[in-house]
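Spelled out, the chains give:
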Amino acid sequence: MPFPPVVVLNVGGRRYSLARELLKDLPLRRLSRLHGCLLASEPGDERQVLEVCDDYDRERNEYFFDRHSEAFGFLMLYVRYGHLRFLPRMCELSFYHEMLYWGLEGSHLDHCCQRRLDDRMSDTYTFYSAEEELLQAEGSTATASTSSTSCHQQQPQQQQPPEKKWLERMRRTFEEPTSSLAAQVLATISILFVVVSMVVLCASTMPEWRAAENRSMEENSRIIEAICIGWFTAECIVRFIVSKDKCKFVKRPLNIIDLLAITPYYISVLMTVFTGENSELQRAGVTLRVLRMMRIFWVIKLARHFIGLQTLGLTLKRCYREMVMLLVFVCVAMAIFSALAQLLEHGLNIGKPNEGYASIPAACWWVIISMTTVGYGDVCPVTIPGRILGGICVVSGIVLLALPITFIYHSFVQCYHELKFRSARYSRSISAEFLN
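Not measured: the values here are computed from a predicted model. (Residues numbered from 1 in each chain as written. Predicted model: local features only at pLDDT ≥ 70, side-chain atom pairs only at ≥ 80, totals over all residues. Heavy atoms only, no water.)

(A) Quick look at the overall build of the protein chain. Along its length, the protein chain carries 17 helices and four strands. Counting only contacts in the protein chain whose residues sit at least 6 apart along the sequence, the fraction spanning at least 24 positions is 62%. (Helix = DSSP H or I, 4+ residues; strand = E, 2+ residues; numbered from the N terminus. Contact = heavy atoms within 4.5 Å.)

Here's what the structure looks like:
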């Protein structure tokens, strides 16, 4: 007996009668799969149908789904009208799970509900990273292989070689500071080296440090600098050796920063050996000072160990469109207000010309410090039209800078909770390792 043209869906006790051909055009992917199963299944073969629904009544041609009936009603309203919002008096995460079951995603929600869902997920740390999905896939693969081995005992079980286990453990120790006790100890040592190197760098710029009677202190600072560079170099080499993908390792921003922080020291050593620091070679001396000052990049190495710096970097990576939009707003306003300020303060020759606005590029400095409400006071309008323009410039700067900040702040909070959740997950593994 072929399937009837009308399909009855029983969702949580509420029935919906739909034409069978209508199922394939619905945005609910589970119902589209049900239509495909009805076409592919032969009469009397209901196995494919039961993979989509919870139960099936052949006499009534009724398909049972043990799901939330009111949530499904809201999803059907979305099918009819094209707008999807959260069900009142229902948890956002529960409604989102219903959406996932029927084949919808968070992008189908209206913009206001998408923000509510993001806030709710941030509050409850409900995030699924690619790494967790990979671990789940590996776990399922291992389970499948175990069951296959139990069924076919003649096939030997494949185990991971000890070399790969050792490399994976080393990689996690150097890449994830919260993955184990050894990783935390290594991260603490690295932080101490960064702090010591920064203190020595700051102290070396003091006049008392460079005095003639303090030559021994300068020599000691060079020894400390060499020790710190040796530690950073060894750490970078080991991390490169144990990394899975060498090309991806080189392209990572933090690894590039490590390279920029380490390379200037060796360049300065080579230049000192071949040229020296004589006053006659002033150009080489300037180059050496610039290279030594590039050690300030070592501070960014702390991003490996602090969630705050990691959150900042991840936020900038995800919000580059908003950052570009903010930059465009500032540039457009700077072009308009600088041209008007130069005209009012210098171009019209009203009274004594204001030399701070002699050109449009010179007026751009006044515009940028006014829009950001810094107001150094080194350049200021003196005419009445110029002061009125200055007030408009300040108010416009506050409004323009505030527009994209909401999106950036929301992304910052979400990135912070993601990284915090990941750190807490590793902390639980550390506690288990300590107990074992």
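(B) A look at the packing of aromatic side chains. In this structure the tally under the stated criterion is ten aromatic pairs. Centre to centre, the rings of Phe-72 and Trp-102 are 4.6 Å apart; their planes meet at 45°, and the pair counts as tilted. Residue Phe-72 is found in helix α3 (residues 69–81), and its partner Trp-102 is found in helix α4 (residues 92–102); the two are separated by 30 residues along the sequence. Here the two residues Phe-72 and Trp-102 agree in accessibility, since each one is buried. (Phe/Tyr/Trp six-rings, centres within 6.5 Å; stacked < 30°, edge-to-face > 60°. Buried < 20%, exposed > 50% of the residue type's maximum accessible area, 1.4 Å probe, protein only.)

(C) Highlighting empty space enclosed by the protein. Taken as a whole and assessed by the stated rule, the structure comprises one cavity of 30 Å³ or more. Its volume calculated, the largest cavity comes out at about 40 Å³. In terms of lining residues, the largest cavity is bounded by Thr-173, Phe-174, Pro-177, Ala-183, Leu-186, Ala-187, Ser-190, Glu-235 and His-305. Taken together, the elements giving at least two residues each to the lining of the largest cavity come down to α7 (162–175) and α8 (181–204). Each residue belonging to the lining of the largest cavity can be placed in one class, and the counts come to five nonpolar, three polar and one charged. (1 Å grid on protein atoms, 1.4 Å probe; cavity = no way out; pocket = protein on both sides within 12 Å on 5 of 7 lines; lining within 4 Å. Points joined across faces, edges and corners; volume = space filled by probe spheres on them. Nonpolar A, V, L, I, M, F, W, Y, C, P; charged D, E, K, R; others polar.)

(D) How the structure looks around the nonpolar core. Membership of the largest hydrophobic core comes to 37 residues, with the highest contact counts inside it found for Leu-9, Tyr-63, Phe-65, Phe-72, Phe-95 and Trp-102. Elements supplying a minimum of two residues to this core: β1 (6–11), β2 (14–19), α1 (29–40), β4 (62–65), α3, α4 and α5 (111–124). The leading source of residues in this core is α4, at six residues. If we ignore the near neighbours within four places in the chain, the residues touching Trp-102 are Val-11, Leu-28, Arg-29, Arg-30, Leu-31, Phe-65, Arg-67, Phe-72 and Leu-75. (Core = buried A, V, L, I, M, F, W, Y, C linked by side-chain atoms within 4.5 Å.)

(E) Region of interest: a nonpolar patch on the surface. Taken together, the side chains of Phe-306, Leu-309, Leu-312, Leu-316, Met-323, Phe-412 and Tyr-416 present a nonpolar region at the surface, about 580 Å² in accessible area. At the level of elements, α13 (307–318) and α17 (405–435) are the ones that each hand at least two residues to the nonpolar patch. Broken down by element, the residue count for the nonpolar patch peaks at three residues, all from α13. Assignment of secondary structure puts Leu-312 in helix α13. (Patch = residues over 30% accessible without salt bridge, like charges linked within 9 Å, V, L, I, M, F, W, Y side chains within 5 Å. Areas by Shrake-Rupley, 256 points an atom, 1.4 Å probe, with all protein chains shown as cover. Salt bridge = Lys/Arg side-chain N within 4 Å of Asp/Glu carboxyl O.)

By themselves, these observations are geometric and do not establish any function.
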